[in-house]
Amino acid sequence: MSHSIEYRRDVDGLRAIAVVLVIVNHLNHDWLPGGFVGVDIFFVISGYLISKIVFSKADENNFNLSEFYSARVLRLMPALYAVLLASLLSFSFILFPRDLELFSNNVISVVLYASNFFIWINYGGYFGQNANDAPLLHTWSLAVEEQFYLFWPLALLFFCRATLSDTKRLYLLAFIFFILVLVSELAVRYTIGASYYLLPSRAFEFVIGAVVVTLEKRTSPLKNRIATQFLSIVGLGLIVHSSSSGSTNFPGLNALYPTLGAAIIIFFCKSPNIVKTLLELTPIVYLGKISYSLYLWHWPIIVFVRYQSIEFTPIVIGGMLVFILLLSYLSWRFIETPFRQVSNPDYKVVFAKYLLTPSVIIVVFSFSVSSILMKSSNSEEVIEMSNAVNSFPDVLRRGCHSSLSQMVEPLNEEECSFGSKSTDINSVLLIGDSHANHFFGFVEQHAIDSGRRGIDHTLDSCPPVFDLNFGASHYKGNVCEEHNAESKAAIASSNIDFVVLASNWVIPSSQVRGSDEVEPLAFFKSKFEATLEYIVDHGAQPILFLAVPYLNSTNAKCPLRRAKFGRPDTCSFTDKRSLSFNRSLRSIAEEYGAIVIDTSFLHCERFKCQQTIEEVPLYRDKFHLNYIGSKTLGDKYLNVKGNIFSKK
């Protein structure tokens with residue numbers, strides 16, 4: 001059975017726009033901050049084409065589900081397998097131990113159509129620094145498409161067999177689209193990471209493609225050329241706007257700009273207009289034809305170069321683009337095209353020969369390569385440094401530190417105690433956001449040294465300020481306020497002698513809620529002062545940790561790259577912003593008798609900072625210490641300035 005439908009050059013042109021947006025964004029985020037919306041355009045195109053195939057065949061009682069899935073396998077998997085094999089052969093020799101382990105498992109998740117779940121769980125948000133080192137990060141979108149292909153044809157068959165009129169079909173699809181947009185917006189507000197990677201919050205982008213198909217069947221494009229020209233330009237304008245804005249609250253309502261833009265172009269470019277003429281230019285159509293291979297190959301090549309700290313000079317970027325285009329053409333010409341031309345495929349043969357067999361081979365190969373090369377391709381020095389960089393205090397203190405992407409844990413004095421084993425009394429309380437959590441190793445060392453026990457109660461993106469609704473949404477603000485209320489109650493009811501407060505301390509005014517007519521940052525300051533006053537009034541000593549310097553242009557893995565690849569990089573960096581902000585914070589804290597801890601002097605001199613102390617990497621990402629690095633700072637501080645819990 002052929003699944004061919006009327007070919008449209010403009011749709012291939014739209015594919016080209018989508019893949020160029022993604023590639024430019026991946027080369028340099030600053031060039032096109034919102035270029036990642038190219039993926040959203042791909043989703044709309046997929047929803048449109050798949051819905052058109054199913055509707056056209058099902059309305060003629062000529063749709064075969066097994067043959068549809070066979071066609072999807074032949075369309076998507078051969079080129080993907082080639083990229084997986086090439087990536088295994090190249091990345092296995094350069095990745096650090098932990099990255100190699102993640103990469104090997106990611107390969108397996110790709111063949112299981114679950115890469116989006118794997119990346120969400122193991123790399124966190126799409127815009128986080130750790131994601132930049134994932135060679136298969138881009139496969140999350142393929143997993144979303146594959147999952148969509150599993151259920152959407154079944155849903156469309158229901159539409160067809162329900163014998164709905166085109167008008168009722170349109171209304172029902174529009175209603176589903178509206179509900180799914182709300183689901184996506186709620187997911188953005190209430191989750192982190194999951195909303196970006198998972199199908200439920202992306203489904204409306206496919207469904208709008210089905211809406212366009214139904215509109216085409218029910219209505220004809222406008223005959224008024226001026227209106228058609230105007231609306232097609234509006235569609236292109238929506239895409240341009242979204243690709244240049246770079247909002248990270250995505251998808252949700254922000255994803256309506258590129259998806260509506262793509263849908264408008266697909267609908268109105270059935271008639272002649274200036275956007276259609278642009279999209280049908282031969283070079284643009286050609287890029288659209290090889291867009292799938294372009295998407296598959298571009299990211300591993302970019303990561304391969306970036307991972308080795310090779311500077312992205314114009315010559316390097318030009319060389320990468322030439323190589324990406326060449327590989328993509330060869331992939332399209334000799335892999336994609338032959339498999340797409342297979343006629344009347346037997347689904348049993350397709351699934352056994354082109355899905356199951358290569359998947360098993362790749363899984364076995366992935367296990368073999370990673371187990372053999374995990375240690376042989378890395379020196380003991382690199383392995384030790386990798387272990388340090390990947391010692392995550394949030395993982396170590398899971399249940400005591402909470403992420404807004406998971407269930408927020410209540411304060412648990414028994415499970416979250418740390419420090420000396422010579423006492424049962426918790427006299428230290430560590431509170432704040434992920435920056436408080438990354439100081440856990442430091443505080444733990446000092447608690448043990450002073451014979452004290454403590455408890456930690458920290459939450460991502462939640463500064464330790466009582467009676468403050470703070471967060472990117474009302475939900476997150478409420479969670480933060482309730483979390484801090486538990487800490488406040490513990491100070492009043494427990495034998496707490498020291499309250500350690502730590503945070504990012506760079507406060508976006510838009511996240512300070514309930515300030516009414518008071519300027520947000522002034523309101524935050526008043527609440528912070530009230531928090532310090534509350535702690536002192538209840539007989540506890542506040543200890544304020546200032547923010548560590550942020551890595552700006554450098555990377556937390558710089559010391560590893562220097563050790564493995566022999567790069568001459570000193571891994572030094574400058575961050576006057578954090579150090580300057582800390583000065584103003586210090587003056588407020590000292591007014592209330594707080595002990596102020598600034599660890600920057602241990603690895604900084606005159607704003608120039610080092611990422612290591614005695615070859616121990618301090619950071620796990622641009623903003624956070626790793627656990628071993630935090631302990632190292634704690635030990636050094638003990639030797640230089642003494643114990644922070646000896647001054648009460």
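Rules of the game
- Residues numbered from 1 in each chain as written.
- Predicted model: local features only at pLDDT ≥ 70, side-chain atom pairs only at ≥ 80, totals over all residues.
- Heavy atoms only, no water.
- Disulfide = S-S within 2.5 Å.
- Helix = DSSP H or I, 4+ residues; strand = E, 2+ residues; numbered from the N terminus.
- Buried < 20%, exposed > 50% of the residue type's maximum accessible area, 1.4 Å probe, protein only.
- Contact = heavy atoms within 4.5 Å.
- Polar contact = N/O pair within 3.5 Å; in protein donor to acceptor, adjacent residues only side chain to side chain.
- 1 Å grid on protein atoms, 1.4 Å probe; cavity = no way out; pocket = protein on both sides within 12 Å on 5 of 7 lines; lining within 4 Å.
- Points joined across faces, edges and corners; volume = space filled by probe spheres on them.
- Nonpolar A, V, L, I, M, F, W, Y, C, P; charged D, E, K, R; others polar.
- pLDDT = per-residue confidence, 0-100.
- Phe/Tyr/Trp six-rings, centres within 6.5 Å; stacked < 30°, edge-to-face > 60°.
- Pairing = 2+ DSSP bridges.

## Remarks on the state of the cysteines
Tallied over the entire structure, the rule returns 4 disulfides. For cysteine 462, the disulfide goes to cysteine 480, at an S-S distance of 2.1 Å. Taking the torsion about the sulfur-sulfur bond, which here is approximately 85 degrees, the covalent link between cysteine 462 and cysteine 480 counts as right-handed. Note that cysteine 462 is positioned in the loop between β4 (453-459) and β5 (469-470) and cysteine 480 in helix α21 (residues 474-493), a separation of 18 residues in sequence. Relative accessible area serves as the criterion here: at 2%, cysteine 480 is assigned to the buried category. Each sulfur of the disulfide joining cysteine 604 and cysteine 609 lies 2.0 Å from the other.

## A short note on the environment of lysine 557
Along the chain, lysine 557 falls in the loop between β8 (541-545) and α23 (558-565). A C-alpha to C-alpha distance of 8.2 Å links lysine 557 and tyrosine 619, two positions 62 residues apart in sequence. Residues in contact with lysine 557, not counting those within four places in the same chain, are Phe96, Asp99, Asp133 and Val389. Here the side chain of lysine 557 touches aspartate 99 through a polar contact of 2.7 Å, side chain to side chain.

## Here we look at empty space enclosed by the protein
Using the criterion set out here, one finds 1 cavity of 30 Å³ or more in the structure. Taken as a whole, the largest cavity spans an internal volume of roughly 40 Å³. In this structure, the largest cavity is lined by His26, Val39, Tyr126, Leu137, His138, Trp140, Tyr196 and Tyr295. Residues that form the lining of the largest cavity fall into these classes: 6 nonpolar, 2 polar and no charged.

## Side note on unusual backbone geometry
A negative phi holds for most residues other than glycine; trans holds for most peptide bonds. In the segment running from phenylalanine 250 into proline 251, the intervening peptide bond is cis, with an omega of 5 degrees. With respect to the helices and strands, proline 251 occurs in the loop between α10 (225-245) and α11 (256-268). Here the phi dihedral of serine 461 falls at roughly 55 degrees; this positive angle occurs in a residue that is not glycine. Note on placement: serine 461 falls in the loop between β4 and β5. Residue glutamate 614 is not a glycine yet carries a positive backbone phi of 50 degrees.

## Regarding the confidence of the model for the chain
Overall, the predicted model of the chain reaches an average pLDDT of 89, with 96% of residues at or above 70. Element-level pLDDT for the chain is lowest in helix α24 (residues 576-591), with a mean of 73, against a maximum mean of 97 in strand β6 (residues 498-502).

## As for the packing of aromatic side chains
Tallying each qualifying case throughout the model produces 39 aromatic pairs. Centroid distance phenylalanine 96 to tyrosine 307: 5.1 Å. Interplanar angle 40 degrees. Geometry classified as tilted. Here phenylalanine 96, found in the loop between α3 (65-91) and α4 (97-111), pairs with tyrosine 307, found in helix α14 (residues 291-307); they are 211 residues apart in sequence, far enough to count as distant. Accessibility expressed as a relative area gives 1% for phenylalanine 96, which makes it buried. Exposure remark for tyrosine 307: the relative accessible area of 0% places this residue in the buried category.

## Notes on the pairing of strand β3 (residues 426-432)
In terms of burial, β3 is a largely internal element, 7 of the 7 residues being buried. Across 6 bridges, β3 lies against β4 in parallel orientation. Among the inter-strand pairings, asparagine 426 is bridged to a residue of β4, identified as arginine 453.

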